[in-house]
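For reference, the chains in residue letters:
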Amino acid sequence: MDPRRLAVVPLMLAIAACSTPGDSPAQPQTAPPPPPTTSVAPNPNAVAQDGRPFEVNEVATFDRPWAMAFLPDGRALLTEKGGTLRVVDPQTGRSTKVTGTPEVVDEGQGGLADVALGPTYDEDGTIYLSWVEKADEPGETRGVVGKARLVLDGPPALKKLTTIWRQDPQSGSGHYSLRLAISPDGDNLFVTSGERQKFTPAQDVRTDLGKILRLTLDGEHVDDNPFAEQHEKAATVWSYGHRNVLGIAFDAAGNLWASEMGPKGGDELNLIEPGADYGWPDYSEGSHYDGRAIPPHSQGASKDVVAPILSWVPSISPANLMIYSGTAFPAWKGDALIGGLSGQCLVRVHLDGTTATKADQWDMGARIRDVVQGPDGAIWLLTDGPDGKLLRLTPPR
Ligand SMILES: [Ca+2]
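A few points on the structure.

Definitions and limits used
- Along each chain, residue indices are assigned from 1 in the same order as the chain's sequence is written.
- It should be noted that, the model being predicted, local features are given only for residues of pLDDT at least 70 and side-chain atom pairs only at 80 or more, the latter also being counted only at that level, while totals for whole chains, interfaces and linings use all residues.
- The basis for every side-chain value is the complete set of heavy atoms in the structure, and neither hydrogens nor water enter the calculation.
- By the criteria applied, helices consist of DSSP H or I runs no shorter than four residues and strands consist of E runs no shorter than two, each listed in order from the N terminus.
- Nonpolar cores are built from buried Ala, Val, Leu, Ile, Met, Phe, Trp, Tyr and Cys residues. Side-chain atoms within 4.5 Å join them into one set.
- Residue exposure (1.4 Å probe, protein chains only): buried if accessible area is under 20% of the type maximum, exposed if over 50%, otherwise partly exposed.
- The contact definition used throughout considers only heavy atoms, calling two residues in contact when any of these lie within 4.5 Å.
- Counted as donors are N, O and S atoms no farther than 2.8 Å from the metal, or 3.2 Å for Na, K and Ca; water is not among the atoms, and sites may therefore look incomplete.
- One side-chain nitrogen of Lys or Arg within 4 Å of one carboxyl oxygen of Asp or Glu is enough to make a salt bridge.
- By this definition, two strands are paired if DSSP reports at least two bridges between them.
- Here an axis means a line fitted to C-alpha atoms, over the contact stretch when the element is a helix, while the angle between two N-to-C directions is reported on a 0 to 180 degree scale.

### Looking at unusual backbone geometry
Inference 1: Residue Pro281 is reached from Trp280 by a cis peptide bond, and omega for that bond is 5°.
Inference 2: By secondary structure assignment, the location of Pro281 is in the loop between β17 (267–272) and β18 (310–312).
Inference 3: In this model, Val313 is joined to Pro314 through a cis peptide bond whose omega is 0°.
Inference 4: Examined against the element boundaries, Pro314 turns out to sit in the loop between β18 and β19 (318–323).
Inference 5: Unusually for a residue other than glycine, Leu178 sits at a positive phi of about 75°.
Inference 6: Within the fold, Leu178 resides in strand β11 (residues 177–182).

Here it is as structure tokens:
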């Protein structure tokens, strides 16, 4: 008998004894499941019975899931807004809580947010997390980013969790943003930092509100950032004039794309250039919620305001975006997929170099919080809310 199996059984019993109600049965940590293999031959012309070019399978349910990142062994990390980090087996939907997670402020739009694997994950297990914490002044909160080592050769745990970046604190509980992306060269961490519903700070490069930031892997500013020589607080800023950027992704050519929540109408897909002004709160394709008009980006052209590549009126509320690189849906390779919250939709945008065209918008019947590509090229969605679903999209058979 494989001696490893003898070691696994008592470990499983120990984990099961420790699990709290609502936890799925624990998985043996010493024997992770093998990576899934592609079992479905792509057929770009196939449609499911409902006419959509994919089949939807519900795999599991979570409490307000927010983000997901696949691990090299085929499992995935999944955040729940209330503060729980889980290791999920996407083949079975079973999951195990990760210990050592930070204390989060779970209010309004704040909570545990994004998760991303560091470029050295294979060697040292480094992952990045973003969440919201209490700030020093009463009633103020801020987004933060932390770095930790994920240990999986026992009950899943975070070790050496350290906070490496803190957002300027504000009152209120909206527009934190807090999406994470590692640059293609593995040298930098990009963080989206929302304007916290304060509007004008988005135009001030001396605050990190309403910005996309470029940091070192330890959360420091980068010396050749566009405003590094202007002001200490501006040294982390990569682009500005943003409202609430919940999607950020690099394409295969290294272009950085970001999806941004507009006000009433005017959601945006932007191509991010260093040092550029994306217009908020002075310019938008939408209007204020009280009905006041906002000039369109074209009126800011003389001030070098960068207009979105695409915009949506009425809003779809883009929650995340990813660039598809798999083979399961070959016709979509290189395209952007965007999940819509209020739009309850999955959107495909055809990308060709730096141009973008709206291609598809599929009704999903639920608010879509995250869109992730699996190792086999399947597309995984998280729906929003207390019974948020993990959905697997595969080509119709
Ligand atoms: Ca804009």
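Let us keep going from here.
### Here's the deal with the nonpolar core
Inference 1: Ranked by internal contacts, the top residues of the largest apolar core, which has 44 residues, are Ile127 and Leu150.
Inference 2: The dominant element in this core, judged by the number of residues it contributes, is strand β7 (residues 126–134), at 5 residues.
Inference 3: Ignoring sequence-local partners within four residues, the contact set of Ile127 consists of Leu77, Leu85, Val115, Ala116, Leu117, Gly118, Tyr121, Gly146, Lys147, Ala148, Leu150 and Leu158.

### Focus: the coordination of the calcium ion
Ideal values for angles at a metal depend on the geometry: 109.5 degrees with four tetrahedral donors, 90 or 180 degrees with six octahedral donors.
Inference 1: Within the protein, the calcium ion binds to Glu268 (OE), Glu268 (OE), Tyr278 (O) and His297 (NE2); these donor distances fall in the range 2.3 to 2.5 Å.
Inference 2: Sequence spacing among the residues donating to the calcium ion works out to E-x9-Y-x18-H. Linking Glu268 in strand β17 with Tyr278 in the loop between β17 and β18, this pair joins segments that are 10 residues apart in sequence. Pair check on accessibility: Glu268 and Tyr278 agree, each one buried.

### What about the environment of Ala235?
Inference 1: Assignment of secondary structure puts Ala235 in the loop between β13 (211–216) and β14 (237–240).
Inference 2: The exposure class of Ala235 is buried, given its relative accessible area of 2%.
Inference 3: Ala235 sits 10 residues away from Asn225 along the chain, and the two C-alpha atoms are 6.2 Å apart.
Inference 4: Setting aside residues up to four positions removed in sequence, Ala235 forms contacts with His221, Val222, Asn225, Phe227 and Ala228.

### Regarding the pattern of salt bridges
Inference 1: Enumeration over the complete set of coordinates arrives at 24 salt bridges.
Inference 2: Close ionic contact of Asp114 with Arg179 constitutes a salt bridge, the shortest N to O distance being 3.2 Å. In this pair, Asp114 sits in strand β6 (residues 112–117) while Arg179 sits in strand β11, placing the two residues 65 residues apart along the sequence.
Inference 3: Among the ionic pairs, Lys147 bridges to Asp218, the shortest N-O distance being 2.7 Å. Here Lys147 is found in strand β8 (residues 140–151), whereas its partner Asp218 is found in the loop between β13 and β14, with 71 residues between them in sequence.
Inference 4: Residue classification places Asp218 among the partly exposed residues on the basis of a relative accessible area of 47%.
Inference 5: Residues joined by salt bridges that share partners form a network here, namely Asp63, Arg64, Lys81 and Asp106.

### Considerations on the sheet that holds strand β2 (residues 65–70)
Inference 1: Read across the open sheet, the 4 strands follow the order β2-β3-β4-β5; overall the sheet is antiparallel. The sheet is open, and its two edges are formed by β2 and β5 (95–97), each paired on a single side. Strand-to-strand twist in this sheet, taken as the mean axis angle between neighbours without regard to direction, amounts to 25°.
Inference 2: Across 4 bridges, the pairing between strand β3 (residues 76–80) and strand β4 (residues 85–88) is antiparallel. From the neighbouring strand, Leu77 faces β4, where its bridge partner is Val87.

### Structural notes on the environment of Leu341
Inference 1: By the element assignment, Leu341 lies in the loop between β20 (336–340) and β21 (345–352).
Inference 2: For the pair formed by Leu341 and Ile368, sequence separation is 27 residues and the distance between their alpha carbons is 5.1 Å.
Inference 3: Those residues within four positions of Leu341 in sequence are excluded, and the remaining contacts are Met261, Ile316, Ser317, Ala319, Arg367, Ile368, Arg369 and Asp384.

Any link to function would need more than the numbers given here.
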